[in-house]
Amino acid sequence: MSKTAENEGALETRGIEQVPDHERTARTRELFPTWVGANISVLLLTMGASLVVAYHLNFWQALVVAAAAPVVSYGLVGLIGIAGKRGGAPGMALSRAVFGQRGNLLPGSLIWVARWGWETINAVTGAYAVLTVLDIVFGIRANSVLDMVTLLAFVVATFAISGLGINAVQKCNKYATYLFGAFSVLVLGYLVVDTDWSAVFDRSAGSVAAMITGVGLIAAGGVSWIPSAPDFTRYLPRTASSKGIVGLTVGGAGIVVLPMVLMGMIMAVSTPDLASAADPVSFLGEILPTWIAVPYLLIALIGMLLINSMSMYSAGFTAQTLGFKVPRHWAVSVNAVISLVFGGVLMLVATSFMGSFIAFLSLLAVAFSAWVGVFGADMLRGREYDGEAMADTSRTSAYWYRGGFSPAAVAAWAVGLAAGLMFTTSDWFTGPLATNNFVGEYGLGWVATVVISGLLYAVLPKPALVAPAARSERAEKPEAVTV
């Protein structure tokens, strides 16, 4: 994004430190292809199919769900992205100002671990895309060895793009947007001609509870991007339009999410086993003619590479905030290795990809939402971010608070997280409050997490920032604590 001394596309060497104002020359409009690229995934087709198969929604209900989900989730992404232009630093570095230098390790560790799962899911989906193309074009059937080879190739390519940095990711997103848009129109045209529309529109309506749960399912992917939002806005000048940040974020995501979810829903009417397929990709080779399926899968593969590249790019910053004393591009390699190992386990051992994916999404949303509630409530207080204090991890930092922790932020985060899990249902975990109440039955555990953590943080007393003179005195007398 930044047109600085570093050439566009060259290796980005900047880590979690605050970007100087003279380097913040990016344009707000560049956010549009960024969030288009973040959603180029065939998983949206499978999730759209789930609205029919699992939630029994009709076309009009699926339309409402597909429109509402990106507004809700990427609206939050855009709002948190405003912190990036204010502070000029990645999200988890800005988070130090809220939770304290040590307190930030708690949500940071959870978010970092959750990213392992997200990157694993995308890596496996990319590998399945390659396997499907090999099967369609060359008749090469998948086996355990080929599974691992394709997974390794996908992870290596992801590492290469994300390791280069923001300019490489942005440039790839720009061209992928054009390609994916053109072929999506082609696929949509084929479906318009080939679909039995009477079967689509004659479906009976599902319940309101199923619609709201469906919004949560589709929105979970967007929620996972919220802590990363400042990573992609930190090169914007302080004068960048906040409305533009939110609008372009929602627009970029919505222009992909809406048609993809609806296409998945339409496909599922004629192919009801789509949502329960052994993998989330091979069905395209059965539904679409070869001349459409192959290039569409290849473009979707590029999209999934970009999604994982963006995720690993942010994960590198998270690893640095956790204390990994390595350059960002090497911090990225940690997540690359982890996604390779976990991806191998999922491809070779797991019996149901979609079941594992939906269970993961339900827990992922809660894990990220606890941070969102606290950080968002703090933003509303008009927080300004001190770059020097963020970089100083010693007790002299203005963000040291009490022993390195902000009690209000940590307590609100922990209570919100625990409460959200109590209302959550998944194949892996069911909370004690997940039934017999509105929140649990409507799949609103993640919403409860945001609300509870945000409100609790708002009412709890916050520690005061330490003045420079007091910081020096505290450094000389370690036993003294100023709040």
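Everything quoted here is computed from the prediction, not taken from an experiment.

K.L.:
In this structure, what is going on with the overall build of the protein? I would like to understand it.
P.N.:
Along the backbone of the protein there are 20 helices and zero strands. Per-residue burial for the protein yields a buried fraction of 59% across its 483 residues. The long-range share in the protein, meaning contacts at least 24 apart out of those at least 6 apart in sequence, stands at 86%. Element-wise, carbon and sulfur atoms account for 67% of the exposed surface of the protein, whose accessible area totals about 18,200 Å².

K.L.:
Honestly, the confidence of the model for the protein in this entry has me stumped. Any pointers?
P.N.:
Across the protein, pLDDT averages 82, with 84% of residues at or above 70. Residue range residues 1-9 is modelled with pLDDT below 50. Its contacts to residues more than four positions away, or to other chains, number 25 contacts. The low-confidence segment residues 479-483, where pLDDT is below 50, has ten contacts with residues more than four positions distant or belonging to other chains.

K.L.:
What exactly am I supposed to notice about empty space enclosed by the protein here?
P.N.:
Left-over empty space is what a probe sized like a water molecule reveals as it rolls over the atoms. For the structure shown, the criterion picks out two cavities of 30 Å³ or more. If you list the elements that add at least two residues to the lining of the largest cavity, you get helix H2 (43-53), helix H3 (59-87), helix H6 (105-138) and helix H10 (208-223). In this structure, the second largest cavity occupies an estimated 40 Å³ of space. Pro90, Gly91, Met92, Ile111, Arg115, Pro227, Ser228, Asp231, Ser314, Phe317 and Thr318 are the residues that line the second largest cavity. Of the residues in the lining of the second largest cavity, the class split is five nonpolar, four polar and two charged.

K.L.:
Is there a simple way to explain the pattern of salt bridges in this structure?
P.N.:
Note that side chains of opposite charge can pair when their charged atoms are close. Taken as a whole and assessed by the stated rule, the structure comprises five salt bridges. Between aspartate 21 and arginine 238 there is a salt bridge, with its nearest N and O atoms 3.1 Å apart. Of this pair, aspartate 21 sits in the segment before helix H1 (31-37) while arginine 238 sits in the loop between H10 and helix H11 (242-270), placing them 217 residues apart in sequence. Among the ionic pairs, aspartate 378 bridges to arginine 383, the shortest N-O distance being 2.8 Å. The exposure class assigned to aspartate 378 is buried, which follows from its relative accessible area of 0%. Note on arginine 383: relative accessible area 12%, which makes it buried. Connected through salt bridges with shared partners, the residues Asp21, Arg24 and Arg238 form a single ionic network.

K.L.:
Quick question: what am I supposed to make of the nonpolar core here?
P.N.:
The nonpolar side chains of a soluble globular protein tend to be buried with one another. Of all hydrophobic cores here, the largest spans 138 residues; its most connected members are Trp35, Trp225, Leu284, Tyr296, Trp371 and Phe375. Broken down by element, the residue count for this core peaks at 16 residues, all from helix H13 (residues 290-321). Trp112, Trp116, Ala315 and Leu322 belong to the second-largest nonpolar core, a separate cluster that totals six residues.

K.L.:
Sorry, what's going on with H13 here?
P.N.:
Because each turn of an α-helix spans 3.6 residues, side chains separated by three or four positions in sequence point in the same direction. Helix length check: H13 (32 residues) gives 46 Å between terminal C-alpha atoms against 46 Å at 1.5 Å per residue, within 8%. Counting buried residues in H13 gives 28 out of 32 residues, a clear majority hidden from the surface. Glycine 323 sits one or two residues past H13 and shows a positive phi near 110°.

K.L.:
Any chance you could explain a nonpolar patch on the surface here in plain terms?
P.N.:
Residues Val337, Val341, Phe342 and Val345 make up a contiguous nonpolar surface patch of about 350 Å² in total accessible area. Along the polypeptide, valine 345 turns up in helix H14 (residues 328-348). The class of valine 345 is partly exposed, set by a relative accessible area of 48%.

K.L.:
Even after reading the chapter, I still don't get unusual backbone geometry, so can you show me in this structure?
P.N.:
Trans is the common state for peptide bonds, and a negative phi is the common state for residues other than glycine. With a phi angle near 55°, tyrosine 401 is a residue other than glycine that sits in the positive phi range. Along the chain, tyrosine 401 falls in the loop between helix H16 (387-391) and helix H17 (407-422). For tyrosine 401, a relative accessible area of 2% corresponds to the buried category. Residue asparagine 436 is not a glycine yet carries a positive backbone phi of 65°. By secondary structure assignment, the location of asparagine 436 is in the loop between H17 and helix H18 (438-441).

K.L.:
Where do I start with the packing of aromatic side chains in this structure?
P.N.:
Two aromatic rings are characterised by how far apart their centres lie and by the angle between their planes. Under the criterion given, the structure shown has eleven aromatic pairs. Taking 6.2 Å as the distance between ring centres and 45° as the angle between the ring planes, the aromatic pair formed by tyrosine 399 and tyrosine 401 counts as tilted. Among the aromatic residues, those joined into a cluster by ring pairs are Trp35, Tyr74, Trp225 and Phe232. Above the plane of the ring of tyrosine 457 lies lysine 462, whose end atom (NZ or CZ) is 4.8 Å from the centre.

K.L.:
Where do I start with the side chain of threonine 28 in this structure?
P.N.:
Looking at the element boundaries, threonine 28 is found in the segment before H1. Residue threonine 28 is classed as buried on the basis of its relative accessible area of 17%. Those residues in contact with threonine 28, other than ones at most four positions away along the chain, are Leu236, Ala240, Ser241, Gly244, Ile245 and Leu248.

K.L.:
What is the right way to read the packing of H3 against H11 from this model?
P.N.:
Packed helices, taken two at a time, are described by their axes: the angle between them and the distance between them. The N-to-C vectors of H3 and H11 enclose an angle of 150°; their axes lie 7 Å apart at closest approach. When the axis of H3 is compared with that of H11, the two are roughly antiparallel. Handedness of the crossing formed by H3 with H11: right-handed. Split by residue class, the contact of H3 with H11 holds 21 nonpolar, six polar and one charged.

Conventions adopted
Residues numbered from 1 in each chain as written. Predicted model: local features only at pLDDT ≥ 70, side-chain atom pairs only at ≥ 80, totals over all residues. Heavy atoms only, no water. Helix = DSSP H or I, 4+ residues; strand = E, 2+ residues; numbered from the N terminus. Buried < 20%, exposed > 50% of the residue type's maximum accessible area, 1.4 Å probe, protein only. Contact = heavy atoms within 4.5 Å. Areas by Shrake-Rupley, 256 points an atom, 1.4 Å probe, with all protein chains shown as cover. pLDDT = per-residue confidence, 0-100. 1 Å grid on protein atoms, 1.4 Å probe; cavity = no way out; pocket = protein on both sides within 12 Å on 5 of 7 lines; lining within 4 Å. Points joined across faces, edges and corners; volume = space filled by probe spheres on them. Nonpolar A, V, L, I, M, F, W, Y, C, P; charged D, E, K, R; others polar. Salt bridge = Lys/Arg side-chain N within 4 Å of Asp/Glu carboxyl O. Core = buried A, V, L, I, M, F, W, Y, C linked by side-chain atoms within 4.5 Å. Expected span 1.5 Å × (residues − 1). Patch = residues over 30% accessible without salt bridge, like charges linked within 9 Å, V, L, I, M, F, W, Y side chains within 5 Å. Phe/Tyr/Trp six-rings, centres within 6.5 Å; stacked < 30°, edge-to-face > 60°. Lys NZ or Arg CZ within 6 Å of the ring centre and 35° of its normal. Axes fitted to C-alpha atoms, helices over the stretch in contact; angles between N-to-C directions. Parallel < 35°, antiparallel > 145°, perpendicular 65-115°, else oblique. Left-handed = near helix turned anticlockwise from the far one by under 90°.

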